[in-house]
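Coordinate inspection notes
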Amino acid sequence: MPNLLIRSFAPLLLAFQPCFTRPSFASFWALTCAWILCSGRRSLTRIVQSAQLTDFKHFCSFHRFFSQARWSLDALGRCVFQLLLPFCEEVLLGAVDDTLARKSGRHIWGAGMHHDPLRSTPMRPFFAFGHNFVVFSLQVALPFAPNKYWAFPILVRMYRKRQTNQRAPGKSGKLERKQTGQATAKQYRTRPELALEMIRIVASWIPQRSLRVLGDSEYAGQSISRHLPANARLISRMNMKAALYEPVGKPVKLGRPRKKGNRLPSPLQMAQDKKANWIKTTATLYGKQVKLWYQTIDALWYPSAGQQLLRIVVVRDPSGRRRDDCFFSLDLTLTATQILEIFSRRWPLEVCFRDVKQFLGFEDPQNRVAKATTRTAPLIFYIYDLVLLWYAQSGYQLAQKSTLDRLWYPQKNSVSFEDILRTLRHATWQERIFSDPALDAHTRKILQPFVEWAKALT
């Protein structure tokens, strides 16, 4: 196998060996190393070309690795999960969300028109053509930055739109060609259904431990909250107009038993009540100390969670810069402040989406085969996990040598994924170039500026 990265990265790759056959593991090793070292656009052919992997294998072998080889994404996720367990707290914290990988070309398998949250505004929604992936991640604080949480994607599912009978314009009436790879009625599953499948898988890996799942309002409905495993609890955002009810009182002797009690004010009505007693507090949200007001109540949100009692928190920003909001938790042991602080830890998954697109080329591969499409982009998430794990285990000790001095940015006090990726590349170049004892001092002096210059590559 090609020795492309620093030697301390090899144990992490070896942990994935049981997931592959011997030829596939060699391809996985080479592609992972080449993907990390590559800069610029990361199509598969450019990855192979930039690392000169054709000296190691025929280029078709790397295409077949995604389209034909026998390996499972869930097995890779299980390996990452095992590597993460030593860094996890007693109660595991997970998050679920979806992201859009924009594509172009009518022959891209499984692509369709999806809502684009980055380009949309409250007044005008925007849609883009591409793939939509639902991701389950573990939110973990690593030893080198104990106050900062990172999202580690461990399970990924591609959302496929339902197949329709839409016809192309014209007299021929042919089916629209851009429906390549859309799901039939039996294959179709919504994003919350895909998320629930992943939650159940992770919960089955830890039957003796608890799992808290964070999700935005799209994942707050009955598709998830009514079907969670026994050791999983959901914390999510609630609609301000949600219909709330008291728990069921004493059962009556005649007729069908009631499923919900008397109607309660909605979160919007609670927020608009001028006589409401707001509780003032300070919470750590998104890494900052924030002053806020809140009201809390234990009630049923029957359309979503059925007869499960929820702890509901209505939040107001005393400065008036943010609108009133509402959150709920199925875990009644948490206080209102804890619910808000834990929900804020969902944000690292959004940062992860930004990082894999900006620094690892998540949107670059252009696959036209079903198996390759559902494998290539998710594999990038596991490469992202491996880079973070390497830094947590040994890379942070090398960070000072690879720091890129920015005199105009003195207020930065935390490490980013860009810094971590730069550290891994710089440490690799230092080891590969200067580990040869036969290299004389004059040659080392000539080569050192090139290694330093390469820090700026992304």
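Our structure's up above, just so we're on the same page.
In this model, helix H11 (residues 347-359) (13 residues) spans 18 Å end to end at C-alpha, consistent with the 18 Å of a helix rising 1.5 Å per residue. On its buried face, H11 sits against strand E1 (92-102), strand E3 (127-141), strand E4 (149-159), helix H12 (370-393) and helix H14 (417-434). Immediately downstream of H11, the backbone of glycine 361 shows phi near 65 degrees, a positive value.

Before going further, it helps to spend a moment on the nonpolar core. Ranked by size, the top nonpolar core spans 142 residues in total, and within it Phe9, Phe136 and Ile154 carry the most contacts. The greatest single-element share of this core, amounting to 15 residues, is contributed by H12. Beyond its immediate stretch of four places on either side in the chain, phenylalanine 136 contacts Gly94, Ala95, Val96, Phe152, Pro153, Ile154, Leu155, Met198, Ile199, Val202, Leu211 and Val213.

What follows is about the environment of methionine 270. With respect to the secondary-structure elements, methionine 270 resides in helix H8 (residues 267-272). Taking relative accessible area as the criterion, methionine 270 reaches 10% and is therefore assigned buried. Aside from chain neighbours lying at most four places away, what touches methionine 270 is Pro265, Ala276, Trp278, Gln295, Ile297 and Val314.

Topologically, glutamate 363 is positioned in the loop between H11 and H12. There is a polar contact of 3.0 Å between the side chain of glutamate 363 and the backbone nitrogen of arginine 102. Ignoring anything within four residues of it in the chain, the contact list for glutamate 363 reads Leu100, Ala101, Arg102, Lys103 and Lys357.

Glancing now at the pairing of strand E9 (residues 279-285). One ladder, built from 7 bridges, connects E9 with strand E10 (residues 288-300); its direction is antiparallel. Bridge pairing in E10 places isoleucine 279 opposite tyrosine 294. The hairpin turn running from E9 into E10, its antiparallel successor, is 2 residues long, and tyrosine 286 in that turn takes a positive phi close to 55 degrees.

Taken across its 11 residues, E4 has 11 buried, putting it largely inside the fold. Of the pairings in the sheet, the one linking E3 to E4 comprises 10 bridges and is antiparallel in character. Bridge assignment links glutamine 139 to a residue of E4, and that residue is alanine 151.

The grouping of Leu407, Trp408 and Tyr409 at the surface amounts to a nonpolar patch, some 450 Å² of accessible area in total. Taking the relative accessible area as the measure of exposure, tryptophan 408 reaches 67% and is therefore exposed.

Here the focus is the packing of H14 against helix H15 (residues 441-453). The interhelical angle for the contact between H14 and H15, taken along N-to-C directions, is 160 degrees, at an axis separation of 11 Å. Relative to H15, H14 is oriented roughly antiparallel. Between H14 and H15 the crossing geometry is right-handed. Contact with H14, carried on its side by His426, Trp429, Gln430, Ile433 and Phe434, involves Arg444, Leu447, Gln448, Val451 and Glu452 of H15 and no other residues of that element. The residue inventory of the contact of H14 with H15, partitioned by class, reads 5 nonpolar, 3 polar and 2 charged.

Criteria and thresholds
Residues numbered from 1 in each chain as written. Predicted model: local features only at pLDDT ≥ 70, side-chain atom pairs only at ≥ 80, totals over all residues. Heavy atoms only, no water. Helix = DSSP H or I, 4+ residues; strand = E, 2+ residues; numbered from the N terminus. Expected span 1.5 Å × (residues − 1). Contact = heavy atoms within 4.5 Å. Core = buried A, V, L, I, M, F, W, Y, C linked by side-chain atoms within 4.5 Å. Buried < 20%, exposed > 50% of the residue type's maximum accessible area, 1.4 Å probe, protein only. Polar contact = N/O pair within 3.5 Å; in protein donor to acceptor, adjacent residues only side chain to side chain. Pairing = 2+ DSSP bridges. Patch = residues over 30% accessible without salt bridge, like charges linked within 9 Å, V, L, I, M, F, W, Y side chains within 5 Å. Areas by Shrake-Rupley, 256 points an atom, 1.4 Å probe, with all protein chains shown as cover. Salt bridge = Lys/Arg side-chain N within 4 Å of Asp/Glu carboxyl O. Axes fitted to C-alpha atoms, helices over the stretch in contact; angles between N-to-C directions. Parallel < 35°, antiparallel > 145°, perpendicular 65-115°, else oblique. Left-handed = near helix turned anticlockwise from the far one by under 90°. Nonpolar A, V, L, I, M, F, W, Y, C, P; charged D, E, K, R; others polar.

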